Every structure is written in C-alpha cells, then in structure tokens.
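Read off the chains here:
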Amino acid sequence: MGWVVLGLLVFVLLVFLMTAITMVKQGYVYTIERFGKFTKAADPGLTIIFPLIDRVGHRINMMEQVLDIPGQEIITKDNAMVGVDAVVFFQVLDAPKAAYEVSGLNPAIMALTTTNLRTVMGSMDLDETLSKRDEINARLLSVVDHATSPWGVKITRVEIKDIRPPRDISEAMARQMKAERLKRAEILEAEGDKTSAILRSEGSKQSAILEAEGKREAAFRDAEARERAAEAEAKATQMVSDAIASSGNQAINYFVAQEYTKAVGKFADSPNAKTILFPVEATQLIGSLGGIGELVRGVVQPEENAPDSGVPIPQERKRASVPRTGRGNSQ
C-alpha cells in the first residue's frame, strides 16, 4: 500500500514539474495570468509558473509581420471607380497591450487600414491617385500608426500594390498618352527644323560677309595695282618727256617709228591671212626712218671723229640712207 502512495506522489510531482516549466520560443512573448488576471510577460527562454494558479494567456508574435489588404473598389473624388490592393507591415512593441487592449489584432489592423484607404483615396482625383502613390502611402502610414499606438503596435510601412482604373478610362489614358507623345515628337521636330534653319542662315550670313570682305580686299588690291601702274606710266611719260626735251625731233621720230613698226609687224603675224595689202604713207615711214638715221648718225660721227684706233669702220655705218618720196603699195 505504501508503494502505491509513493508512486502516486512521484507521478503528481512529475506532472507538477511539467506544468510548472514553460518554454517561450524566440520571437514571442507569453502573457502569464493568475486566476485570469495578467501578472507578467514571459520573455523567450525558461519560465516557471504555479500550476492550477497561473496559466499562459496569449502567445504574442513580436516579429515584424505583413498583413495583406484584399482588393477594394474605391470611388475617387471625380467619381471614378478604381480597384486598390495594399499591404501593411507592422510590429508589436508591447505584448500586454496587443493582447488585452484589442480583440483580434490582425482583423482590427486590416479594418482600420481599409477604411482609411477609402478615406484618403476618396479625397483625391483619379490622376492624383495614379501619380501620387508616395503621398497616399505616407498619409495612410501616419493615420494607421496613430490609431494603433494604444494597442502597442508600430506600423512600419503601408504600400499600395496596385491601382486598377476602369477599362474605358485606361483606353482614354492610352490615347491621351499617345497624343502627348506625338505632340512632343512634333515639337522636337519643329525645334530641330528651327535650329537647322537658324544655322543655315548663320552660315549664309558668314559666307556673304566673307565674300564681301574678299571682294573689298580684291578691289583694294586692284586699285593699288592700277595706282602703281599709273605711277609707272607717269614715270615713263616723264622719262620720255625728258628725252624729247633733251633730244628734240630725233627722239620723237624714233618713238613714232618704233610704234609704227610694231603695228605693221602685228599685221604680218595674223594667222587668218597669208598675204596682206594695205597703203602705206611712204613719206611718213621714210621720215621716221630718217629720224632713226639721224640718231644713228649722231652716234656714228663721234666715232669717226675719234682718234684712229687701228680698227677700220664698216662701210655700212658710213653709208647714208637717202629718203625717197612717193606712194606705193607694200606686199
């Protein structure tokens, strides 16, 4: 009989020890209740409680959690129906508050986020809801975090996953985007044509300026060349005048005969005729040749009057040309 009682005592002791020792997993906090009243929060590790007096009330997940908000049909400020999906990231910071301040933490956060999502997006136009997602996320985060702070919960992020406008609005937006792109392309093309025309005009302007400067420089050079030619002609004329003044009719006859001979030579060099017939004023030609003879005689006589150097004077130089008067034709 004693062995049976001893066995019962050992069994009761083992059951007591098993129920008194509680293992709290990492990332969780257990609330301990004594006779139904919260007494303490058990951190991860080994915790000893009194069986039949204490018990584990709630197992609170202290890790950051993700709550998926199901799709919602929301009417915007301009009466457009859009579908919206969102996600909420939150973390429990105070386990007792999360356990006893709200009943059903996840459904409460979901309902709070859904209602505020409708409020925020319902106060905006369709274009604003499509282009201002960051603003929507910030406003939702501020509102939901403020509402859940008494529950010991920290809302870390609220993100809009997708916004689905109606099909007809999507098609209108696609046409608008296409028209806008065509407009930008035409504007860019017009700007390119404008820039090209401006550059071509600038090039033509520079070309005209350079051409005008070239013509002006050429005119200056031509005028300078004519001025130098005139100076040379004046100098030559002055030299001829001086020669005529010093030599008299002999120099005049010489220059006339020289020019007359050049003119006659040009007729002889003509490629269009082999035989040339033209009247010649023999007296003028002979008079010119006579003037040349006088010049030559003036040169020869000093040589004849010079002392005899032993070199005989050629007979051609001593022979005088006798001019003959009359008219005739030269061939």
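Look up a bit, the structure's there.
These notes cover the structure that comes with them. Computed from a predicted structure; not experimentally measured.

Bringing a nonpolar patch on the surface into the picture now. Together, Trp3, Leu6, Val10, Leu13, Leu14, Phe16, Leu17, Phe35, Phe50, Leu52 and Ile53 make up an exposed nonpolar region whose accessible area comes to about 1,300 Å². Within the element layout of this structure, leucine 52 appears in the loop between β4 (45-48) and β5 (54-61).

Here the structure, examined in full by the defined rule, presents 13 salt bridges. Taking the shortest distance from any N to any O, the salt bridge between glutamate 64 and arginine 157 comes out at 3.9 Å. Here glutamate 64, found in the loop between β5 and β6 (65-75), pairs with arginine 157, found in strand β8 (residues 153-164); they are 93 residues apart in sequence, far enough to count as distant. The class for glutamate 64 is partly exposed, based on a relative accessible area of 42%. A salt bridge links arginine 226 to aspartate 222; the shortest N-O distance between them is 2.5 Å.

All right, on to the packing of aromatic side chains then. Scanning the model with the defined rule gives one aromatic pair in all. Note on phenylalanine 38 and tyrosine 100: the rings are 5.6 Å apart at their centroids and 55° apart in plane angle, and the pair reads as tilted. Of this pair, phenylalanine 38 sits in strand β3 (residues 37-42) while tyrosine 100 sits in helix α2 (residues 95-100), and the two are 62 residues apart along the sequence. Given a relative accessible area of 30%, phenylalanine 38 falls into the partly exposed group.

The rules we used
- Residues numbered from 1 in each chain as written.
- Predicted model: local features only at pLDDT ≥ 70, side-chain atom pairs only at ≥ 80, totals over all residues.
- Heavy atoms only, no water.
- Patch = residues over 30% accessible without salt bridge, like charges linked within 9 Å, V, L, I, M, F, W, Y side chains within 5 Å.
- Areas by Shrake-Rupley, 256 points an atom, 1.4 Å probe, with all protein chains shown as cover.
- Salt bridge = Lys/Arg side-chain N within 4 Å of Asp/Glu carboxyl O.
- Helix = DSSP H or I, 4+ residues; strand = E, 2+ residues; numbered from the N terminus.
- Buried < 20%, exposed > 50% of the residue type's maximum accessible area, 1.4 Å probe, protein only.
- Phe/Tyr/Trp six-rings, centres within 6.5 Å; stacked < 30°, edge-to-face > 60°.

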